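# Results of the structural survey
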Amino acid sequence: MKQMGRTHRHYYRIVAIDHRQPRDGKVIEELGTYDPHVKEKGDRVTLLPERIKYWKSVGAKASEHCEAIFKNFMKKWEEIEASNAAKAAEEAAKKAAEATAPTG
């Protein structure tokens, strides 16, 4: 987790980073965010589950805090990602149907 924000108002980015880099150093990829000051617990976190799974599959190890966040919020974000993919596929199908429809 890369710490951002200002004094007494921290904000975190969940990132893939080389272990030799400092905590707030150069990142490879951003995987989500965590804002502990948001009142609604469900709205504190945003994740990219597909990319998180990729990085874990190639051997990346998450910190304890990140693992806790993944445990609590991954399922929610997987469902959101799946619904977004379904909407995108539906829109693509509509555009394809409109493109092939006769204009007469």
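Each chain has its residues counted from 1, running along the sequence as written. Local features in this predicted model are restricted to residues of pLDDT 70 or higher, and side-chain atom pairs are both shown and tallied only at a pLDDT of 80 or more, whereas totals for entire chains, interfaces and linings draw on every residue. The basis for the side-chain values is all heavy atoms of the structure; hydrogens and waters are excluded.

Side chains that differ in charge, positive against negative, can pair when their charged atoms come close. Here, a salt bridge means any side-chain nitrogen of Lys or Arg that lies within 4 Å of a carboxyl oxygen of Asp or Glu. All chains considered together, the criterion is met by 7 salt bridges. A salt bridge links Glu 29 to Arg 51; the nearest nitrogen and oxygen atoms lie 2.8 Å apart. A residue pair is termed long-range when its members are at least 10 positions apart, and Glu 29 in strand S3 (residues 29–34) and Arg 51 in helix H1 (residues 49–57) qualify at 22 residues. With its nearest N and O atoms 3.1 Å apart, the salt bridge here joins Lys 56 to Glu 67. Remark: Glu 67 occurs in helix H2 (residues 64–100) and Lys 56 occurs in helix H1; sequence separation between them is 11 residues. Put simply, DSSP H or I for four residues or longer makes a helix, DSSP E for two residues or longer makes a strand, and each gets a number counted from the N terminus.

The set of residues buried in H1 consists of Pro 49, Ile 52 and Trp 55. In an axial view of H1, the angular spread of the buried residues amounts to 125°, which keeps them on one side of the axis. Opposite the packed face of H1, turned more than 90 degrees from it, sit the exposed residues Glu 50 and Ser 57. Trailing H1 by a residue or two, Gly 59 shows a phi angle of about 105°, which is positive. Any residue under 20% of the maximum accessible area for its type is buried, any over 50% is exposed, and the rest in between are partly exposed; the area is computed with a 1.4 Å probe on protein chains only. Taking the helix axis as origin, the arc is that swept by the directions to the C-beta atoms.

What follows covers the packing of aromatic side chains. Geometry of aromatic contacts follows a simple scheme: Phe, Tyr and Trp rings, the Trp one being its six-membered ring, pair when their centres are within 6.5 Å, and the pair is stacked under 30 degrees between planes, edge-to-face over 60, tilted otherwise. A full pass over the atoms with the stated rule returns 2 aromatic pairs. Aromatic side chains Tyr 54 and Trp 55 sit 5.3 Å apart centroid to centroid with 75° between the ring planes, which places their arrangement in the edge-to-face category. With a relative accessible area of 37%, Tyr 54 lands in the partly exposed category.

Bringing the environment of Ile 52 into the picture now. Along the polypeptide, Ile 52 turns up in helix H1. Only heavy atoms matter for contacts: two residues are in contact if any of them lie within 4.5 Å across the pair. Here Ile 52 is in contact with Leu 31, Leu 47, Phe 70 and Met 74, once residues within four sequence places are set aside.

Another aspect to go through is the nonpolar core. Membership of the largest hydrophobic core comes to 15 residues, with the highest contact counts inside it found for Ile 14, Val 45, Leu 47, Ile 69 and Phe 70. Broken down by secondary-structure element, the contributors of at least two residues to this core are strand S2 (9–16), S3, strand S4 (45–47), H1 and H2. Considering each element in turn, this core owes the most residues, 6 residues, to H2. In contact with Ile 69, not counting residues within four places along its chain, are Met 1, Ile 14, Tyr 34, Val 45, Leu 47 and Met 74. As used in this record, nonpolar core signifies buried Ala, Val, Leu, Ile, Met, Phe, Trp, Tyr and Cys residues forming a set joined through side-chain atoms within 4.5 Å.

Worth remembering: the numbers are spatial, not functional.
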